[in-house]
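# Architecture and fold: a report
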Amino acid sequence: MSKPIHFPPDFIWGSATSAYQIEGSPLADGAGPSIWQRFCAVPGNVRDGDNGDIACDHYNRYKEDVALMARLGLKAYRFSVSWSRILPQGRGAVNQPGLDFYSKLIDELLAHGIEPMVTLYHWDLPAALDDRGGWLNPDIADWFTDYTRILFKAFDGRVKSWATLNEPWVVTDGGYMHGTLAPGHRNLHEAALASHNLMRAHGSAVQAYREIGRHQIGIVVNIEPKYPASQSQEDLDATRRADAYMNRQYLDPIFLGSYPPELKQMFGDAWPDWPAADFDLIGQKLDFVGINYYTRSVVRNEPSNWPLKVAPVRQPQATYTETGWEVFPQGLTDTLTTFTQRYGPMPVYIMENGSAFYDPPNAENGRVHDPLRIDCLRKNMQALSNALAQGVDVRGYMVWSLLDNLEWSLGFAKRFGIVHVNFETQQRTLKDSAYLYADIVASNGACL
Ligand SMILES: OC[C@@H]1[C@@H](O)[C@H](O)[C@@H](O)c2nc(CNc3ccccc3)cn21
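This text gives an overview of the structure that appears in the document. (Residues numbered from 1 in each chain as written. Predicted model: local features only at pLDDT ≥ 70, side-chain atom pairs only at ≥ 80, totals over all residues. Heavy atoms only, no water.)

## What to know about the overall build of the protein
To keep things clear, this is the line we draw: Labels follow the DSSP assignment, with helices taken as runs of H or I lasting at least four residues and strands as runs of E lasting at least two, numbered in each case from the N terminus. Summary of the burial criterion: residues with accessible area below 20% of their type's maximum are buried, those above 50% are exposed, and those between are partly exposed, where the area comes from a 1.4 Å probe applied to protein chains only. Contacts were defined at the residue level, with two residues in contact if any of their heavy atoms lie within 4.5 Å. Here the accessible surface of atoms and residues is derived via Shrake-Rupley with a 1.4 Å probe, and residues count as covered only by protein chains that are part of the display. Note on charges: Lys and Arg go in the positive column, Asp and Glu in the negative column, and His and the chain ends are not counted at all. A charged residue contributes its charge at one atom only: NZ of Lys, CZ of Arg, CG of Asp or CD of Glu.
Summing up its helical and strand segments, the protein has 16 helices and 13 strands in all. Expressed as a percentage of its 448 residues, the buried residues of the protein come to 62%. In the protein, of all internal contacts separated by at least 6 residues, the share reaching a separation of at least 24 is 76%. Accessible surface for the protein amounts to roughly 16800 Å². Of this, 51% is attributable to carbon and sulfur atoms. The averaged location of the 51 negative side-chain charges in the protein is 2 Å from the averaged location of its 40 positive side-chain charges.

Set out below in structure tokens:
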């Protein structure tokens, strides 16, 4: 028996995207290249040789896309700023046309009554900074802070919600541990260093915001709850290692003043004793935490798997998405209640939640029927409502994603949008899930 679904009257419903995945025109109007421009140019890095040169052409079509958001009745829109549009060299001279684009986007959103929620870094590091070591160079904390100050000064009068980083775990694990994402490194020592520098940069930017800003700032982390495949000690230990590495690595230093001890055990001499002063910087008070939830993982011990010695266990009865993620809405409830138990009550936003399924437009009527995405959305709404009923202070939900877009190294083949994009014609078509989401927004969930 499912529990009654209820959301607070001021609950904020929105959608989320990121710059490199939707904008296109990466070098337009003086912008500099990012590490994703470089990564996509290396054959084999991205499926089908896809890249962000055009993507959803949002750089030119942002007014059309804001009108879509208004058509859906969205109250907020989470987007990221491309650092190298603002600072083509990553630091130094400001590119005014880059600032102008985001200023126009923000004004268009506000004109439609849609709150802009800005992510300052969503993986697209300026290539010029990568040439100076990127996240491996301790100076990046200052480079990032200088960049964020420019945006705080330019937009804090109109932007009331800022997030420093999107998913430092993915940046580190994909970009420096396994090399599956830009900049494509595979090095344990580099992964540890990049991870810590990301957190130093985060703390430094929050510190700067406290001097300049008047609204709220937080961080966005991905949480994938881990469940042991068995109650054997090996599997219980493996589950704890996986949870420490993916879920606690970034929130513990912010809220508890130290990294999970499992990290030193896993990384060995690749994990130094970080300076105590760094934790004062990292531990800046936040106004909210953004959580991206997609799936859970059932974990077993696997000694042969570098470096965590864990392996996922597929669940035979479960539904899996096109990205191989189990549909497990209970994991959303568990993520939120566990967060509150570990770090205490504080405002939380679900900044990403969605699913990739293959839903081609109907040849006759052009409609895009996406029943599996609808089922996933409905179940996640129930799970979110259950977390609220258990007292978790969830303030809003941003569906990932507004548009089908460039799914990083998976290219355009994996589609998360509630709006279908024909990448040849750039035609947008509301999927059935978009109509449902519009009803959810309009009724504040009462339609469910
Ligand atoms: O994969 C869907 C989205 C992606 O398009 C967003 O840019 C990114 O913020 C995002 N994060 C996750 C969840 N975390 C994750 C886990 C393993 C690999 C990659 C991402 C999913 N997504």
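## So, the sheet that holds strand S5 (residues 216-222)
Put simply, the rule reads: At least two bridges found by DSSP between two strands are what make those strands a pair. Each axis is a line fitted through C-alpha atoms, taken for helices only over the stretch in contact, and angles between the N-to-C directions span 0 to 180 degrees.
Taken in spatial order, the eight strands close into a barrel running S1-S2-S3-S4-S5-S7-S10-S11, and their pairing is parallel. Within this sheet the neighbouring strands show an average axis-to-axis angle of 25°, counted without direction. Direction of pairing for strand S3 (residues 115-121) relative to strand S4 (residues 161-166): parallel, over a ladder of four bridges. Residue pairing across strands places Met-117 opposite Ser-161, the latter belonging to S4. Of the strands in this sheet, S3, S4 and S5 are in contact with helix H7 (residues 140-155), which crosses S3 at around 165°.

## Considerations on the packing of helix H15 (residues 371-389) against helix H16 (residues 432-443)
Heads up, the rule is: Here the word oblique covers every angle except those under 35 degrees (roughly parallel), over 145 (roughly antiparallel) and from 65 to 115 (roughly perpendicular). The sense of a crossing depends on the near helix, which, turned anticlockwise from the far helix by less than a right angle, makes the crossing left-handed and, turned clockwise, makes it right-handed.
Where H15 contacts H16, the axes come no closer than 9 Å and their chain directions differ by 25°. Looking at the two axes, H15 sits roughly parallel to H16. The two elements H15 and H16 meet at a crossing, and its hand is right-handed. Contacts between H15 and H16 pair Arg-373, Ile-374, Leu-377, Arg-378 and Met-381 from the former with Asp-432, Ser-433, Leu-436, Tyr-437 and Ile-440 from the latter.

## With respect to the sheet that holds strand S9 (residues 310-312)
Here we have three strands laid out as an open sheet, ordered S6-S8-S9, and mixed in their pairing. The sheet is open, and its two edges are formed by strand S6 (226-228) and S9, each paired on a single side. Averaged over neighbouring strand pairs, the angle between their axes works out to 45° when direction is ignored. This element, helix H10 (residues 233-248), spans S6, strand S8 (297-301) and S9 of the sheet and lies at about 125° to S8.

## With respect to the packing of aromatic side chains
Selection rule: Between 30 and 60 degrees the pair is tilted, below 30 it is stacked and above 60 it is edge-to-face, where a pair is any two Phe, Tyr or Trp rings, Trp via its six-membered ring, whose centres lie within 6.5 Å. Working rule: Lys NZ or Arg CZ, within 6 Å of ring centre, within 35 degrees of ring normal, means a charge sits over the ring.
One pass over the structure, following the stated rule, counts 41 aromatic pairs. Ring centres 5.5 Å apart and planes at 20° place the aromatic pair Tyr-77 and Phe-79 in the stacked group. With relative accessibility at 1%, the residue Tyr-77 sits in the buried group. For Phe-79, a relative accessible area of 2% puts it in the buried group. An aromatic cluster of three or more residues is present, and its members are Trp-169, Tyr-245, Tyr-259, Phe-267, Trp-271, Trp-274 and Phe-279. A cation over an aromatic ring shows up here: Arg-85 above the ring of Phe-101, its NZ or CZ 5.9 Å from the ring centre.

## Brief notes about the site of the ligand
What counts here: Throughout this document, a residue counts as near a molecule or strand when at least one of its heavy atoms sits within 4 Å of that molecule or strand. Pairs of N or O atoms within 3.5 Å make up the polar contacts considered here, provided that, within protein, one atom can donate a hydrogen while the other can accept it, and that residues adjacent in sequence are counted only when both atoms are side-chain atoms. Each residue receives one of three labels: charged for Asp, Glu, Lys and Arg, nonpolar for Ala, Val, Leu, Ile, Met, Phe, Trp, Tyr, Cys and Pro, and polar for the others, Gly being one of them.
Inspection of the region around the ligand gives 16 residues, with Gln-21, Glu-167, Glu-352, Glu-407 and Trp-408 positioned closest. Here a nitrogen atom of the ligand and a side-chain polar atom of Glu-167 are 2.6 Å apart. Here an oxygen atom of the ligand sits 2.7 Å away from a polar atom, N or O, in the side chain of Glu-352. Burial of the ligand by the surrounding chains reaches 86%, relative to a free accessible area of 470 Å². Taken together, the residues of the shell around the ligand sort by class into eight nonpolar, five polar and three charged.

## Points about unusual backbone geometry
The residue after Ala-182, namely Pro-183, is reached through a cis peptide bond having omega 5°. Tracing the backbone through its elements, the reader meets Pro-183 in the loop between helix H8 (168-177) and helix H9 (188-212). Residues Trp-306 and Pro-307 are joined by a peptide bond in cis, for which omega reads -15°. Within the secondary structure, Pro-307 is located in the loop between S8 and S9.

## Notes on the nonpolar core
For the record, the criterion: The term nonpolar core refers to a set of buried residues drawn from Ala, Val, Leu, Ile, Met, Phe, Trp, Tyr and Cys, joined through side-chain atoms within 4.5 Å.
In terms of nonpolar packing, the biggest core is built from 132 residues, with Trp-36, Trp-83, Trp-135 and Phe-267 touching the most fellow members. In terms of residues, this core owes the most to one element, H9, which gives 10 residues. Leaving out residues up to four positions away in the same chain, Trp-83 has contacts with Gly-90, Tyr-121, Asp-124, Leu-125, Pro-126, Leu-129, Trp-135, Ile-140, Trp-143, Phe-144 and Tyr-147. Counting residues in each nonpolar core, the second largest holds 13 residues, with Ala-76, Val-220, Met-351 and Phe-416 among its members.

## Focus: the pattern of salt bridges
To keep things clear, this is the line we draw: A pair is scored as a salt bridge if a Lys or Arg side-chain nitrogen falls within 4 Å of a carboxyl oxygen belonging to Asp or Glu.
If you walk through the whole model with that rule in mind, you get 29 salt bridges. With a closest N to O distance of 2.9 Å, Asp-287 and Arg-210 form a salt bridge. Of this pair, Asp-287 sits in the loop between helix H13 (276-282) and strand S7 (288-292) while Arg-210 sits in helix H9; the two residues are 77 residues apart in sequence, bridging distant segments of the chain. Counted as one network, the salt bridges with shared partners bring together Asp-57, Arg-61, Glu-64, Asp-65 and Arg-428.

## Digging into the pairing of S7
The buried fraction of S7 amounts to five of the five residues, a majority that puts the element mostly inside the structure. Neither face of S7 is left uncovered, since the one carrying Phe-288, Gly-290 and Asn-292 and the one carrying Val-289 and Ile-291 both have all their residues buried. Summarising the sheet, S5 and S7 pair through five bridges and their orientation is parallel. Pairing of Asn-222 across the sheet is with Asn-292, part of S7. Bridge count between S7 and strand S10 (residues 348-352): four bridges; the pairing is parallel. Paired with Asn-292 across the bridge in S10 is Glu-352.

## Overview of the environment of Arg-71
As for its position among the elements, Arg-71 is in helix H3 (residues 58-72). Overall, Arg-71 belongs to the partly exposed group, its relative accessible area being 47%. It is 9.8 Å that separates the C-alpha atoms of Arg-71 and His-112, two residues lying 41 residues apart in sequence. When residues no more than four places from it in sequence are discounted, the contact partners of Arg-71 are Leu-430 and Tyr-435.

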